[in-house]
Amino acid sequence: MSPPAHVACEEGDLHEEYAAPSSTTLPAADQTNHMRSDSVDGEGASLDDVAPERPTRKRERMEEAVRTLLECLGEDPEREGLRDTPKRMAKALLDCTCGYPRTAAEVVGDAIFNEESCGDIVLVRDIPVHSLCEHHMLPFMGKAHVAYIPDRKVIGLSKVGRIVDMFSRRLQVQERLTQQIANALDEQLAPKGVAVVIECTHMCMAMRGVRQPGALTTTRALLGELRDCAQSRDDFMRLLGRG
């Protein structure tokens, strides 16, 4: 069962109940608790008097894994500076991956509006992107530029940023992230065209391996008229200041 739309990343620890991908295989006892934790009321509180156990078990397993990593690095997990690191890291990872259980339909809700007079490109640029590379679980960050050509409907502008944030808060590769954002906007709005450009710096290149800080990776996804019509593509690039 998918969590309701009002369960958002910024609501503190509530999202942690839903942080695991739906494909995760759970023990039988945990599956029962998982179903119970999916029942929430309009304020985000559990409808069950019994607190769900699965999130606690999950966090405990994550914390123990962090302790093991610290020991493998030659550190003492019990020293003052590291004593709470397993707990902090578990909470941080859950926060950085809280986009897994959400869907674009939930994020958008009813923020699609009929607007017959709009038919030119709508661009939301410089949307902050923060995500984790799935290969090394190191951050990559930058900006997304999202455009669409309306077909008698427009979307609430904040929802564009929320779609970007939802897909960013998963283990990702930039190429897939770019396409997922474009596909989601296309599916929810059915516009004449969609364009997404993402520019990011990857810590897996800056901190390790080739160690090339400052290298910028640019990816794009084009759909509909913004893919097939050269004039529309040129207009989009000019709006970005690239034409």
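Residues numbered from 1 in each chain as written. Predicted model: local features only at pLDDT ≥ 70, side-chain atom pairs only at ≥ 80, totals over all residues. Heavy atoms only, no water.

- An unreviewed UniProt entry lists the protein chain under the name GTP cyclohydrolase 1, with Diacronema lutheri given as the organism.
- The Sequence similarities (unreviewed entry) comment attached to the protein chain in UniProt states, word for word, "Belongs to the GTP cyclohydrolase I family."
- Of the protein chain, the UniProt comment under Pathway (unreviewed entry) reads exactly: "Cofactor biosynthesis; 7,8-dihydroneopterin triphosphate biosynthesis; 7,8-dihydroneopterin triphosphate from GTP: step 1/1." (UniProt positions renumbered as here; feature names shortened; annotations may be inferred.)

Digging into the nonpolar core
The tendency in soluble globular proteins is for nonpolar side chains to be buried as a group.
Next, step 1: Formed by 31 residues in total, the largest nonpolar core has its most connected members in Val146, Ile155, Ile163 and Ile181.
Next, step 2: Looking at this core, the elements that each hand over two or more residues are α4 (104–108), β2 (122–133), β3 (139–149), β4 (153–155), α5 (157–168), α6 (174–189), β6 (193–202) and β7 (217–224).
Next, step 3: Ranked by the residues each element gives to this core, the list is headed by α6, at 6 residues.
Next, step 4: Setting aside residues up to four positions removed in sequence, Ile155 forms contacts with Val108, Ala111, Ile112, Tyr148, Val160, Ile163, Leu185 and Leu189.
Next, step 5: Ile121, Ile149, Leu222 and Leu226 belong to the second-largest nonpolar core, a separate cluster that totals 9 residues. (Core = buried A, V, L, I, M, F, W, Y, C linked by side-chain atoms within 4.5 Å. Buried < 20%, exposed > 50% of the residue type's maximum accessible area, 1.4 Å probe, protein only. Helix = DSSP H or I, 4+ residues; strand = E, 2+ residues; numbered from the N terminus. Contact = heavy atoms within 4.5 Å.)

Thoughts on the pairing of β6
Next, step 1: For β6, a buried count of 10 out of 10 residues is recorded, marking the element as mostly surrounded by other parts of the structure.
Next, step 2: Neither face of β6 is left uncovered, since the one carrying Gly193, Ala195, Val197, Glu199 and Thr201 and the one carrying Val194, Val196, Ile198, Cys200 and His202 both have all their residues buried.
Next, step 3: Sheet topology note: the β3/β6 ladder contains 10 bridges and is antiparallel. In the strand pairing of β6, Ala144 is matched with Ile198.
Next, step 4: Where β6 and β7 come together, 8 bridges link them in antiparallel fashion. The partner of Val196 across the bridge, within β7, is Ala221. (Pairing = 2+ DSSP bridges.)

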